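Here are the chains, one letter per residue:
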Amino acid sequence: MASYIRKGLEIPEPSDCSSSEDDDITYLTDLYQPEHQLPESVRVINKLLNSLVDGAWEVISNQDSIRKDAEGMRKVPVLNPTKEVKLPGRMNSVVCSDDGIYLFLGHTRGLSVISTSTLTSVRAWQGERVELTSISCASLENCTHLLCTVDDMGIARLFVHHKENIYLIKVLNETDDINQRNICTKFEVSRSADFGAAVMTSSGSVWLDVYRFPRDLWLKDLETKQATQTSGSTEAKLSSTVLLMKIKPPEIPPGTSLRSPSEVLQKTEGGTIIGSGQYHMISSSQWENQDVAFRKTFAKYLSSSPMTPSQQRSEGPSNCTFHFLLREGFCPLPGGAKPTRDIPIALCLWWSGSHNFLHYILKNSKEKTDSEPRPDVLWPNSQEILCSAVSACTRFIVLGLVNQLVTIWDRRFGCPYANIVIPGDSAIYRLKFILQSAERQQVNRPLQQGPFSPQLQLVVTCRNGSCYSVTAGRGGDTPITAFIERPADQGGFATVAEPVPFLKCLALLMQRDGQVSVWDPKDAAPVLILTLPQTHVLGPLWDPVYVLDPVQQNLYIRGDSKTDLKKVTDEEEDETSLFIFSFSQCSVMDLYRITWPAATEKETRVSLLGFEEACNLYIQERSDTLEERNRSLAIQWEQLQQRAVK
């Protein structure tokens, strides 16, 4: 027996208790008598296992004490707020202009514009019982900004901020009868201020309205109004917006009379939208038989549902998530024109409960549009989509799916770029791209990756409060680092995981207990802790209100005064403040600082004028990485041979 024991493990001496083979046989055949003494052979094995476990536990305890001592010796720097601004009401949302000159605040009393240089209010718009809950901002030109807002009653308003004046352009869902009003849940504008989209709901149905904004005409109208402006004017009659599309969720396909695959293919208008399920060979009787079989199999669960069968069949998506996409890959512009600025050419979206990711081309308003537009591109996925994010160059789209799956799509080639499985059993809640610097990419990536195969880094937040950093590329391993494992209490839940645009490869993390810190995904450790004054707390803890300004390199965050419950319930005593954390004055961040964020955002974007140029660039990149790829291939073959089963 001793010949099979590892070296270094001491074999205990036999006890003085005598035993015989009869004792072993008696014990093994009579296991239910605990008063019987263990036989000698069993006692030896028991002592060996106890010695092994005790030795392993001692090693683990020593390593854990060493780690705790190292963490205690490593002091994380602390950054305090540089300034505090008292707010007129409870702030629900805040955005920063692209030039970093203004802050736009939505609060319980309307809309306010604050100058970042003086931190004073330069203009405000107030409506009777209007509480703005969300703001989306885009720049028309210098000192002119377009604002899309939604209030607590679901009313969408379009504002323009021009030379420190605020004008109300339009109310999208304004009606005389409040019972007939459509409720807006989301209203956003593209970065170029050429397009806007609003998610509308009414009577249980949901749809997406896509608008085209005549920005050039608005600028001319504003200059004319500025010359003839009357004091106290808050409304502006500008050129009207154009409704491009009204996109509804795809309906469940009914039975068809098509009988052959060729007929189905002809109906797909060239085969560009294969996979949507709108054209198929399934008859009405087959749908009915499938429904009967489903209800018979799950009758126990359907009978306990409070909804009627008609309600169960008519239940549709409840929300829509969309993103504006810039020109990418080999997509030419209409008429062969060259883009003068980043104008979106497409809109991508997905409906709650759906597996499909849809693309719609943003056509010119003069072109004839269908009453019910169909998607131009469809990307099917293996699981239901839960969340999504788009890179700054809009080339890469990442989708969080059910069962902890993450899929990164490459618009340039129209295929998945990487597929990742997040550890754990919690659903994915939020995804964000982290922009990597050239220096960090050279260290992390195993191969030289050019514009066709860049290294991507993500921050993934799950429902259970855990947070992960994921580094993905085309092929190779996918390192996954845990920022925060599943916390034991709810106070450690990660509520915000946001990349810092002016710091290299760093992420801003906020937790439900009010902790705010900046983390390095490579080391999975905080590099800076941000603390509010003891008189204030991060507000609200489950959904903090903040904005990062890449120009001024500041963090603006809302803090609520620590008052008792009686004062909090009184609106007059509801005091909130805006705290400013200046990273430019923090010497610890000099190592991670980015001098020009705008250039970093376009590192992975390459302007391709034609297919021939793209092919030459791709072949050149493959030629440059030939030695690295051959070396990596040889290493992989060697590892396979070592692990092969002989």
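The structure reproduced in this document is the subject of the present report. (Residues numbered from 1 in each chain as written. Predicted model: local features only at pLDDT ≥ 70, side-chain atom pairs only at ≥ 80, totals over all residues. Heavy atoms only, no water.)

1. Considerations on a nonpolar patch on the surface
Then, number 1: Residues F413, Y618 and I619 make up a contiguous nonpolar surface patch of about 300 Å² in total accessible area.
Then, number 2: By the secondary structure assignment, Y618 is in helix α11 (residues 611–624).
Then, number 3: Note on Y618: relative accessible area 37%, which makes it partly exposed. (Patch = residues over 30% accessible without salt bridge, like charges linked within 9 Å, V, L, I, M, F, W, Y side chains within 5 Å. Areas by Shrake-Rupley, 256 points an atom, 1.4 Å probe, with all protein chains shown as cover. Salt bridge = Lys/Arg side-chain N within 4 Å of Asp/Glu carboxyl O. Helix = DSSP H or I, 4+ residues; strand = E, 2+ residues; numbered from the N terminus. Buried < 20%, exposed > 50% of the residue type's maximum accessible area, 1.4 Å probe, protein only.)

2. A few points about the pattern of salt bridges
Then, number 1: Summed over the entire model, instances satisfying the criterion amount to 11 salt bridges.
Then, number 2: Where K86 meets E84, a salt bridge forms, and the shortest distance between an N and an O atom there is 3.3 Å.
Then, number 3: With relative accessibility at 58%, the residue K86 sits in the exposed group.
Then, number 4: Between E188 and K186 there is a salt bridge, and its shortest N-O distance comes to 3.7 Å.
Then, number 5: Given the relative accessible area of 31%, E188 is considered partly exposed.
Then, number 6: Taking relative accessible area as the criterion, K186 reaches 24% and is therefore assigned partly exposed.

3. Comments concerning the sheet that holds strand β18 (residues 377–380)
Then, number 1: Here we have 4 strands laid out as an open sheet, ordered β15-β16-β17-β18, and antiparallel in their pairing. Each of the sheet's edge strands pairs with one partner strand only, and the pair in question is β15 (320–325) and β18. Put simply, the sheet's adjacent strands are angled 20° from each other on average, direction ignored.
Then, number 2: Direction of pairing for β15 relative to strand β16 (residues 346–351): antiparallel, over a ladder of 6 bridges. (Pairing = 2+ DSSP bridges. Axes fitted to C-alpha atoms, helices over the stretch in contact; angles between N-to-C directions.)

4. Digging into the packing of aromatic side chains
How two aromatic rings sit relative to each other is given by the distance of their centres and the angle of their planes.
Then, number 1: For the coordinates displayed, the defined rule picks out 9 aromatic pairs.
Then, number 2: Ring centres 6.4 Å apart and planes at 40° place the aromatic pair Y102 and F104 in the tilted group.
Then, number 3: Residue Y102 is classed as buried on the basis of its relative accessible area of 5%.
Then, number 4: Ring centres of F396 and Y417 lie 4.9 Å apart, and the angle between their planes is 65°; this geometry places the pair in the edge-to-face category. Highlighted residues: F396 in strand β20 (residues 396–401) and Y417 in strand β22 (residues 415–421), separated in sequence by 21 residues.
Then, number 5: Classification of F396 by relative accessible area gives buried; the value is 0%. (Phe/Tyr/Trp six-rings, centres within 6.5 Å; stacked < 30°, edge-to-face > 60°.)

5. Points about the pairing of strand β29 (residues 516–520)
Then, number 1: Counting buried residues in β29 gives 5 out of 5 residues, a clear majority hidden from the surface.
Then, number 2: Every second residue of β29 is oriented toward a common face, with V516, V518 and D520 on one face and S517 and W519 on the other, all of them buried.
Then, number 3: One ladder, built from 4 bridges, connects strand β28 (residues 507–511) with β29; its direction is antiparallel. Across the sheet, the residue bridging to L509 is S517, located in β29.
Then, number 4: Between the end of β28 and the start of β29, which pair antiparallel, lie 4 residues, with G514 showing a positive phi angle near 95°.
Then, number 5: Bridge count between β29 and strand β30 (residues 525–530): 5 bridges; the pairing is antiparallel.

6. A short note on the sheet that holds strand β21 (residues 405–410)
Sheet strands associate in pairs through backbone hydrogen bonding, adopting either a parallel or an antiparallel arrangement.
Then, number 1: Spatial ordering of the open sheet is given by β19-β20-β21-β22, a layout of 4 strands whose pairing is antiparallel. A single partner strand is all that each edge strand has here, and the edge strands are β19 (385–390) and β22. Between one strand axis and the next, the sheet turns through 20° on average, direction left out of account.
Then, number 2: Note that β19 and β20 share 5 bridges and pair antiparallel. Opposite V390, over in β20, you have I397 as the bridge partner.

7. Here we look at the nonpolar core
Then, number 1: Formed by 25 residues in total, the largest nonpolar core has its most connected members in L146, L158, F187 and F213.
Then, number 2: Among the elements of the structure, β7 (132–141), β8 (144–151), β9 (156–162), β10 (165–171), β11 (183–189), β12 (195–202), β13 (205–212) and α3 (215–227) are those that each provide at least two residues to this core.
Then, number 3: Excluding anything up to four places from it in sequence, L146 contacts S136, C137, A138, L140, L158, F159, I169, V189, A193, F213 and W218.
Then, number 4: Of all hydrophobic cores here, the second largest spans 24 residues; its members include L503, L555, I557 and F583. (Core = buried A, V, L, I, M, F, W, Y, C linked by side-chain atoms within 4.5 Å. Contact = heavy atoms within 4.5 Å.)

8. Here we look at the environment of D194
Then, number 1: Take D194: it is sitting in the loop between β11 and β12.
Then, number 2: Taking relative accessible area as the criterion, D194 reaches 5% and is therefore assigned buried.
Then, number 3: A polar side-chain atom of D194 sits 2.8 Å from a polar atom in the side chain of S192. (Polar contact = N/O pair within 3.5 Å; in protein donor to acceptor, adjacent residues only side chain to side chain.)

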